[in-house]
Amino acid sequence: MNQLSPCPAKIEINEVAPRDGLQIEARFVPTEDKIHWIDALSATGLRRIEATSFTSPKAIPNLRDAADVVTGIQRREGVDITVLVPNVKGTERALACQVDEINLVMSASNSHGLANLRMTPEQSLEQFEAILEVTQGSGVFINASLSTAFGCPFEGEIPEARVVELVAKLIGLGIQGITLCDTTGMANPAQVKHLCEAVLERWPETPFTLHFHNTRGMGLANALAAWQAGISRFDASLGGLGGCPSPRRQRQCVHRRFGAYV
């Protein structure tokens, strides 16, 4: 364990099931049910809830009621409502609903970025610049999720130096928080510990969140390794809802644009 980064005494959980889980459900969940669910979640002590995604209804029909959900839920003090946005238009819609946090998403690998977002990492960064211009003066916290930070189902290993390079570019743009995503559950605890210590040593004031998948049964072990390295913020999904297909299946599937498998 990094002696400069003791295990945090307090853990913050960001519940992502209302977005990550419902976006790939076979049937549309009624808006009233989503609101009731999120209201119940907000009473459990969660720090943040990713309520929905302001993406195109054609791309993600299950989240076509994003504005109605966000404006219909009960706001509780101490619980931030986060939404995922893919572009400037989505950002404008989210800001109109007075969200607390906007989560952007990009990939650390070219192949995954092109498959999932139809953009390379560099193209994603360019789009983020435009989004940040729109959010100036809004007071909304801007987070960016970096997919495939621990490995890509298409390219395999992603060098840690590449991940750190992209984190540096995100922070340089003015992104306030970073989520490191193990998109298809490829990470191992030693890898997690090393990367977490590397980013915390360089950017100790930046809020880093870890997003793990349990594809190989390593989700909890990886979360423990991140906590031991000094990470205090974690994504979680109630009942394990959502998530990416397995690496083998993901190679065969066609991603919905802006489905944002993080």
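The preceding data block contains the structure.
Read on for a plain summary of the structure. (Residues numbered from 1 in each chain as written. Predicted model: local features only at pLDDT ≥ 70, side-chain atom pairs only at ≥ 80, totals over all residues. Heavy atoms only, no water.)

**As for the overall build of the protein chain**
Okay, step 1: Per the secondary structure count, the protein chain includes 10 helices and eight strands.
Okay, step 2: Computed over the C-alpha atoms, the radius of gyration of the protein chain is 17 Å, within 12% of the 18 Å expected from 2.2 N^0.38 for a compact globule of 262 residues.
Okay, step 3: Counting only C-alpha atoms, the protein chain reaches 45 × 40 × 35 Å along its principal axes.
Okay, step 4: The proportion of buried residues among the 262 residues of the protein chain is 53%.
Okay, step 5: Sequence-distant contacts, at least 24 apart, represent 78% of the contacts inside the protein chain between residues at least 6 apart.
Okay, step 6: With the model as given, the accessible surface of the protein chain reaches about 11600 Å², and the carbon-plus-sulfur share is 50%.
Okay, step 7: If you average the places of the 24 positive and of the 28 negative side-chain charges in the protein chain, the two averages end up 7 Å apart. (Helix = DSSP H or I, 4+ residues; strand = E, 2+ residues; numbered from the N terminus. Rg over C-alpha atoms; globule rule 2.2 N^0.38 Å. Buried < 20%, exposed > 50% of the residue type's maximum accessible area, 1.4 Å probe, protein only. Contact = heavy atoms within 4.5 Å. Areas by Shrake-Rupley, 256 points an atom, 1.4 Å probe, with all protein chains shown as cover. Lys, Arg positive; Asp, Glu negative; His and termini not counted. Charge placed at Lys NZ, Arg CZ, Asp CG, Glu CD.)

**Some remarks on the pairing of strand E8 (residues 233-236)**
Okay, step 1: Pairing analysis gives four bridges linking strand E1 (residues 12-15) to E8, with the strands arranged parallel. Of the residues in E8, the one forming a bridge with Ile13 is Phe234.
Okay, step 2: Looking at chain direction, strand E7 (residues 208-211) and E8 are connected through two bridges and run parallel. Across the sheet, Leu210 pairs through a bridge with Phe234, a residue of E8. (Pairing = 2+ DSSP bridges.)

**Quick word on the sheet that holds E1**
Okay, step 1: In spatial order, the strands read E1-E2-E3-E4-E5-E6-E7-E8; together these eight strands close into a barrel with parallel pairing. Each neighbouring strand pair of the sheet contributes to a mean axis angle of 25°, computed without reference to strand direction.
Okay, step 2: By the bridge criterion, three bridges tie strand E3 (residues 80-84) to strand E4 (residues 101-107) in an arrangement that is parallel. From the neighbouring strand, Val83 faces E4, where its bridge partner is Ile102. (Axes fitted to C-alpha atoms, helices over the stretch in contact; angles between N-to-C directions.)

**So, the packing of helix H8 (residues 189-202) against helix H9 (residues 219-229)**
Okay, step 1: One can describe the packing of H8 onto H9 by two numbers: an axis separation of 8 Å at closest approach and a directional angle of 30°. In terms of their interaxial angle, H8 and H9 are classed as roughly parallel. Crossing handedness for the pair H8 and H9: right-handed. Between H8, through Pro189, Val192, Lys193, Cys196, Glu197 and Leu200, and H9, the contact on the second element is made entirely by Ala221, Asn222, Ala225, Ala226 and Ala229.
Okay, step 2: Of the residues belonging to the contact of H8 with H9, the class tally is eight nonpolar, one polar and two charged. (Parallel < 35°, antiparallel > 145°, perpendicular 65-115°, else oblique. Left-handed = near helix turned anticlockwise from the far one by under 90°. Nonpolar A, V, L, I, M, F, W, Y, C, P; charged D, E, K, R; others polar.)

**Re the side chain of Glu50**
Okay, step 1: Along the chain, Glu50 turns up in strand E2 (residues 48-53).
Okay, step 2: In this structure the side chain of Glu50 is engaged in a polar contact, spanning 3.0 Å, whose partner is the side chain of Arg19.
Okay, step 3: A distance of 3.0 Å separates a polar atom in the side chain of Glu50 from a polar atom in the side chain of Asn103.
Okay, step 4: When near neighbours in sequence (up to four residues on either side) are disregarded, Glu50 contacts Asn14, Glu15, Val16, Pro18, Arg19, Thr82, Val83, Leu84 and Asn103. (Polar contact = N/O pair within 3.5 Å; in protein donor to acceptor, adjacent residues only side chain to side chain.)

**Things to note about the side chain of Arg162**
Okay, step 1: Take Arg162: it is sitting in helix H7 (residues 160-173).
Okay, step 2: On the basis of relative accessibility, which here comes to 19%, the residue Arg162 falls in the buried class.
Okay, step 3: Beyond its immediate chain neighbours, meaning those up to four positions away, Arg162 contacts Ala108, Pro121 and Glu122.

**Quick word on H7**
Okay, step 1: With 14 residues, H7 extends 20 Å between its outermost C-alpha atoms, agreeing within 8% with the 20 Å of an ideal straight helix rising 1.5 Å per residue.
Okay, step 2: Among the residues of H7, Arg162, Val163, Val164, Leu166, Val167 and Leu170 are the ones counted as buried.
Okay, step 3: One or two positions beyond H7, positive phi appears at Gly174, with a value near 115°. (Expected span 1.5 Å × (residues − 1).)

**Some details on the environment of Asn62**
Okay, step 1: Tracing the backbone through its elements, the reader meets Asn62 in the loop between E2 and helix H3 (66-72).
Okay, step 2: You can call Asn62 buried: its relative accessible area is 8%.
Okay, step 3: Not counting the four nearest positions on each side in its chain, Asn62 is found in contact with Leu22, Gln23, Ile24, Glu25, Arg27, Phe28 and Lys34.
Okay, step 4: Looking at Asn62, its side chain comes within polar contact range of the main-chain oxygen of Glu25, at 2.6 Å.

**Comments concerning the packing of aromatic side chains**
Okay, step 1: Under the criterion given, the structure shown has one aromatic pair.
Okay, step 2: Ring plane angle 40° and centroid distance 6.0 Å describe the contact between Phe150 and Phe212, whose orientation is recorded as tilted. Taken as a pair, Phe150 in the loop between strand E5 (141-147) and H7 and Phe212 in the loop between E7 and H9 lie far apart in primary sequence, 62 residues in all.
Okay, step 3: On the accessibility criterion, Phe150 (3% relative accessible area) is buried.
Okay, step 4: Classification of Phe212 by relative accessible area gives buried; the value is 15%.
Okay, step 5: Over the aromatic face of Phe28 sits the side chain of Arg64, whose NZ or CZ is 3.9 Å from the ring centroid. (Phe/Tyr/Trp six-rings, centres within 6.5 Å; stacked < 30°, edge-to-face > 60°. Lys NZ or Arg CZ within 6 Å of the ring centre and 35° of its normal.)

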